[in-house]
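Descriptive structure summary
For reference, the chains in residue letters:
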Amino acid sequence: MLGVDDRLVTPATMKWVKVGLVAGLATIPTTIALYYILGLSVDAALEGTNLIRTWLWALAGLVLLKAGLAWLFRTGQFRASSEAKLNVRDQIYKQVVKLGPGLLGKRRTGEVANTATEGVEYLDYYFSVYFVQIWVAIAIPFFLCAAIFSIDWVVGLWTLAGVPLTPLFVGSSARGFRRISKQNEEVKNRNSSQYLDSIQGMATLKMFNEGLRRGKQMEEGNEIQRRLTMKLLAVAQSQFVFLELGFALFSTAVAMGVALYRWSGGHMSPGEVVAVVLLSLEFSRTLLLIGEFFFAGAMGREVAAKVIEFLNEKAPVTAGSGRNPGSKPGEPVHIEFRNVSFSYPGAESPALSNVSFKLEPNETVALIGRSGSGKTTVTNLLLRTLEPNEGAILIDGIPASDLALDWIRQQIALVPQDPFLFFGTIAENLRVAKENATDEELIAATKAAELYDYIRSTPDGFDTQVGDQGMALSGGQAQRLAIARAFLKDAPIVVLDEPTSQIDVETETLLNRALARLTANKTVLLIAHRLSTIEQADRIIVLDHGQLAESGTRAQLLAQGGIYAGMIRTKREIEERSRGAIGRAVGSAT
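Let me begin by describing the structure that accompanies this report. (Residues numbered from 1 in each chain as written. Predicted model: local features only at pLDDT ≥ 70, side-chain atom pairs only at ≥ 80, totals over all residues. Heavy atoms only, no water.)

Another aspect to go through is the pattern of salt bridges. Applying the stated criterion across every chain, the model contains 12 salt bridges. Between Glu-450 and Arg-517 there is a salt bridge, with its nearest N and O atoms 2.9 Å apart. Taken as a pair, Glu-450 in the loop between α13 (439-448) and α14 (452-457) and Arg-517 in helix α16 (residues 505-518) lie far apart in primary sequence, 67 residues in all. With a closest N to O distance of 3.3 Å, Arg-456 and Asp-453 form a salt bridge. Placement of both Arg-456 and Asp-453 in helix α14 is noted, with a separation of 3 residues, approximately one turn of the helix. What makes Arg-456 exposed here is its relative accessible area of 58%. Put simply, Glu-223, Arg-226 and Arg-227 are held in one network by salt bridges that share partners. (Salt bridge = Lys/Arg side-chain N within 4 Å of Asp/Glu carboxyl O. Helix = DSSP H or I, 4+ residues; strand = E, 2+ residues; numbered from the N terminus. Buried < 20%, exposed > 50% of the residue type's maximum accessible area, 1.4 Å probe, protein only.)

A separate point is the packing of aromatic side chains. The final tally for this structure, using the stated rule, is 4 aromatic pairs. Taken together, a centroid distance of 4.6 Å and an interplanar angle of 15° make the contact between Phe-337 and Phe-357 stacked. Of this pair, Phe-337 sits in strand β1 (residues 335-342) while Phe-357 sits in strand β2 (residues 352-359), placing them 20 residues apart in sequence. Phe-357 shares its class with Phe-337; the two are buried. Centroid distance Phe-342 to Tyr-344: 4.8 Å. Interplanar angle 90°. Geometry classified as edge-to-face. Phe-342 gets classed as buried once you look at its relative accessible area, which sits at 6%. In this structure Tyr-344 comes out as partly exposed when scored by relative accessible area, which is 33%. (Phe/Tyr/Trp six-rings, centres within 6.5 Å; stacked < 30°, edge-to-face > 60°.)

This is the structure in structure tokens:
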């Protein structure tokens, strides 16, 4: 209906749209009948007959019917808008989940959040004001002209002559209005993203004394939005002045003048003149509707276009057929990367090129390499947030593309470098991994993750608030909470993405103990920079510029004298220079 994508509406939305449409259309003949009876009553009164007494119940019934239809019209509009608003927010969230982390590389978080909140409010206005009223506004002139024609054809012709002026004026200004509303929506999304970035990065802004400059940028963005908003309001007000104050009064005056002229010539009765004048006033209702839904329709269409553009984005991975391996739940699994290549859109060179390796059950494999060598890409491919351009990833011999996404992700516990913690309590953040986890399971998981002593020392225990993005916890505590989540999930595959890269030596000792418990009898992929962490691996894979450069045990790679051996030499040289510098500093101090 009206070119709106089916994904923006639900059966419940369309049900209430139809209710509002039927009520709105039924109001028109009801009004015509009411005014016509009033006109007859005027003629009867002039002839000395009290027709109102005869038609009293009919008049009362028509008035009540008109009031009831008006209530039903508004109810249908707003019920349709509320159903549509909830549906669109659900659709946006489902699309965010479907696209996964790849979304962040294309769109700013604030833009998506603004579309799902303020933008959807404009859709609410669109459905509640525009979606139904446009049809009612189109129908009113035809009903009224037909009614006036039946009373007097001359007045009907004059009335009909002015009807095309309204869509001509609206159409002439619609293009400019759409252009401004599109710019306004883009600026609003950009300002919302800037605001969200500034809040999340407040510590960095303060550290570099950038708060004032950032504030000035936001002020300039808000000023641009204010000017565009004022332009929109100027167009809307011009509509109001021309249509509602000018054309509406003019059309009524013309109808009244022609009707009086026809009455003076004996072609119309006084009652018919009254009925025509009352009916001509209903043309003002059409113009009021047009002035009201013009702004809502333009803004709603722009938001709808952005929502549809977002919903049309293709997910980076296919859903799979739902086939699952025959391995028993909890058993370690076999993983194989077979000739895998992947390139990011627009990149000059591939992130991975013809990479092949295996992860055996009960084995810890360390994946190392310089920044940009492809380690993160390997993780995302394994988690199925990306899909290889060439080659295949096999889990227990079955291509991952043939497996259900939910099943794959159930088999993997991820301990990221920067774990995301939601605003809420420690217990709520732990239950992200297992919704129905008991208190005993939470205690066991946090003990295994070396976090329980900290929790026990806090006044609120597991009800301790972690703050926005875990700001109330230290880096080591947040990392151990992520490890506790992995314990609760108890998946057969564990991916450790540089879990000890940003913590002190003492905390690293606690983490290493916890990680040793977590990875026992698992298939483990360890991505790390710290050589002390890498040394715990059974096997080491070295990536270089997206290609597999070396693979083997620590002893084998040292014997080869390649990249890994060079990293060890560099580490030792740095440590020796550091010890020498400390010794010289101590000697000079004494």
